[in-house]
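Structural overview for review
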Amino acid sequence: DGIKVATNTLRVGFEPDGSWRIFGLRYDYSPSIKVQTEDDITASVVAPGRLLRDSDGHSRKFVQNCEYMLFQRPDDAVIRGYDHQAESDIATADTFLSNFEPLTSKDAQNMLDDAITFNQFTTPMQDLIRAAASSEEPTYFVSSADSRIVQGTPSKNPRYLQPRPDLANPQATAAATVASHLYHHVALSDPLPLPIDVVAAGRRNNVAEGPVPALCCYNPLHYMELPELFMEFISSMTGKSPSTTGAGSEGALTKGPFNAMPGTLDLNAAFIGFALCGYDGWLSSAGMIGPTIRVDHDISLLVPELFSRMSTSERQASNLIAGGFLEPIKDTERDGHPVLASRLGYRITQSFVERYFGRIFMHPTMVFTEAMLRPETQDAAQFADSVDTIVTTHQRVAQAYVDDGTIAYACPPIRALLQIMATGTCDEGWTLSSPEFRAQFTGESVLASDWYAARLDAKQSLDVRRAELSLASLDRFMSQANNAEVVARLDMSQRRTTVQRWHDRWASQTYRDYLVGTLGVQPW
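About the thresholds
- Residues numbered from 1 in each chain as written.
- Predicted model: local features only at pLDDT ≥ 70, side-chain atom pairs only at ≥ 80, totals over all residues.
- Heavy atoms only, no water.
- Phe/Tyr/Trp six-rings, centres within 6.5 Å; stacked < 30°, edge-to-face > 60°.
- Helix = DSSP H or I, 4+ residues; strand = E, 2+ residues; numbered from the N terminus.
- Lys NZ or Arg CZ within 6 Å of the ring centre and 35° of its normal.
- Pairing = 2+ DSSP bridges.
- Core = buried A, V, L, I, M, F, W, Y, C linked by side-chain atoms within 4.5 Å.
- Buried < 20%, exposed > 50% of the residue type's maximum accessible area, 1.4 Å probe, protein only.
- Contact = heavy atoms within 4.5 Å.
- Expected span 1.5 Å × (residues − 1).
- Arc of directions from axis to C-beta.

Per the counting criterion, the structure on display carries 21 aromatic pairs. Ring geometry for Tyr223 and Trp282: centres 5.7 Å apart, planes at 55 degrees, overall tilted. With a gap of 59 residues between them, Tyr223 in strand 11 (residues 221-224) and Trp282 in strand 14 (residues 281-289) connect regions that are remote in the sequence. Ring pairs connect the aromatic residues Phe230, Phe233, Phe271, Phe274, Tyr279, Phe437, Phe441, Trp451 and Tyr452, which therefore count as one cluster. Between the NZ or CZ atom of Arg159 and the centre of the ring of Phe71, over which it lies, the distance is 5.0 Å. The ring of Phe14 has Arg294 sitting right over it, with the charged end atom 3.8 Å from the ring centre.

Overall, antiparallel pairing links the 3 strands, which are arranged 5-9-6 in an open sheet. Where the open sheet ends on each side, the last strands, each with one partner, are strand 5 (69-72) and strand 6 (97-98). Bridge analysis of strand 5 against strand 9 (residues 159-163) gives 4 bridges, and the strand direction is antiparallel. The residue bridging Met69 from the neighbouring strand is Pro163, located in strand 9.

On to the nonpolar core. Membership of the largest hydrophobic core comes to 55 residues, with the highest contact counts inside it found for Phe271 and Leu417. Elements supplying a minimum of two residues to this core: helix 7 (226-235), helix 8 (263-277), helix 15 (380-403), helix 16 (412-423) and helix 19 (450-478). When residues no more than four places from it in sequence are discounted, the contact partners of Phe271 are Leu226, Phe230, Cys411, Pro413, Ile414, Gln440, Phe441, Val446 and Trp451. Membership of the second largest hydrophobic core comes to 32 residues, among which are Phe23, Tyr29, Ile293 and Ile299.

This part takes up helix 21 (residues 492-506). The end-to-end C-alpha distance of helix 21 is 21 Å, a good match for the 21 Å that 15 residues give at a rise of 1.5 Å each. All of the buried residues in helix 21 are Met492, Val499, His503 and Trp506. Within helix 21, the buried residues cover an arc of 65 degrees as seen down the axis, which keeps them to one side.

Following this line, the structure appears as structure tokens:
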């Protein structure tokens, strides 16, 4: 009827020949606006639910970025015109770059002469190439599509530092902030701390390749109960990445230069946070789904779109399991060898795809095929080998905590989990499926435990000791006659009164009760 109809499509993975799998989006679909506020290093705090607005009683975690720049690897920038953000950033002056090919003015002129490929770039990159072609200064420039040539082939690890998007685009961030205040009915003049609602970790998968073992037994989205989730976190397992030499154990818990404390202390805090906050553990797939379906980061980028279109009750794993939207993965056997696939937790089903991905795609079952939902149907042998890779990595990493003695610092649930990962049983004789073992991983169990009470006692003692040291320091300073003028000028008596007030508060039973629902501190 003369009305223009806009059709939006989205790439979700690749065909075996490398061509894109393109699917139509719903006509009423509009992508959510995402405000990225953190990358690798984040400060966080767990606050008791009773202190929070609209709380269901659970504690909640709040995060704050510690970085100004994000260290990006723009994999898709090699496709001219595809990654608009990367092309704009790379074309900006004073950008830190690594592993891009240094190009000259002559290279820029050749790129201009190839009009078809040149026009595939976005405007910022076109402007940069034109400027480089018309001037000998600077001597070199880079193109977003040209990685450094290393031993005759382009590097798979180009990097650049991107200014944090929430700071680089303050207008969009402000609009999102206003929208959040409106949604929560909070005045713009009042603070609105936004807690973490969903935790969805990314998991890189790969097909077997030479000495690199198979790790491709996950479907697009898994839910894991806390024991299985923390097996994942403890092993920090990864598939083969363009920035690493092969599969192995990497991630936050192996970044020793960032944290010289025993990793067990981080595990304790992470576990307490998950248990007290009641967070479900989600894992989305990147790289490969099964040995034949390559998806790179397409699924991971879809997960925020998915969860933002589900209500709080719809996202609850218990409701999804009851409704048949998640199915448990059971242990099996292959050639007389056990395949401990239950460590993969639960995975989404066809019903999940139809109902929830149907809010994004016109034909969601064409996007997520049976082969993607059940990777073992692609290659049963590689599925079994992938599970073996996971079990072996769990055992190896957990044994390291036993061998170096840092298991002694673990809270009882994490200690038992490390022992089960390493040997199959713990000191109490429990296995991974023992009800007594799994009962330790609930928020109610943590709150009722002696070891958690000891963490809160340690926190209170630490605060009281800090106040005592401050009072002693003030008394020592104020008692010296030659400091009388400074004491009067800075009103040190009033400062001491303030510290004494904090000391009395921290030493009270009221403060000890206030700490319930927080992380406490590691008792020594």
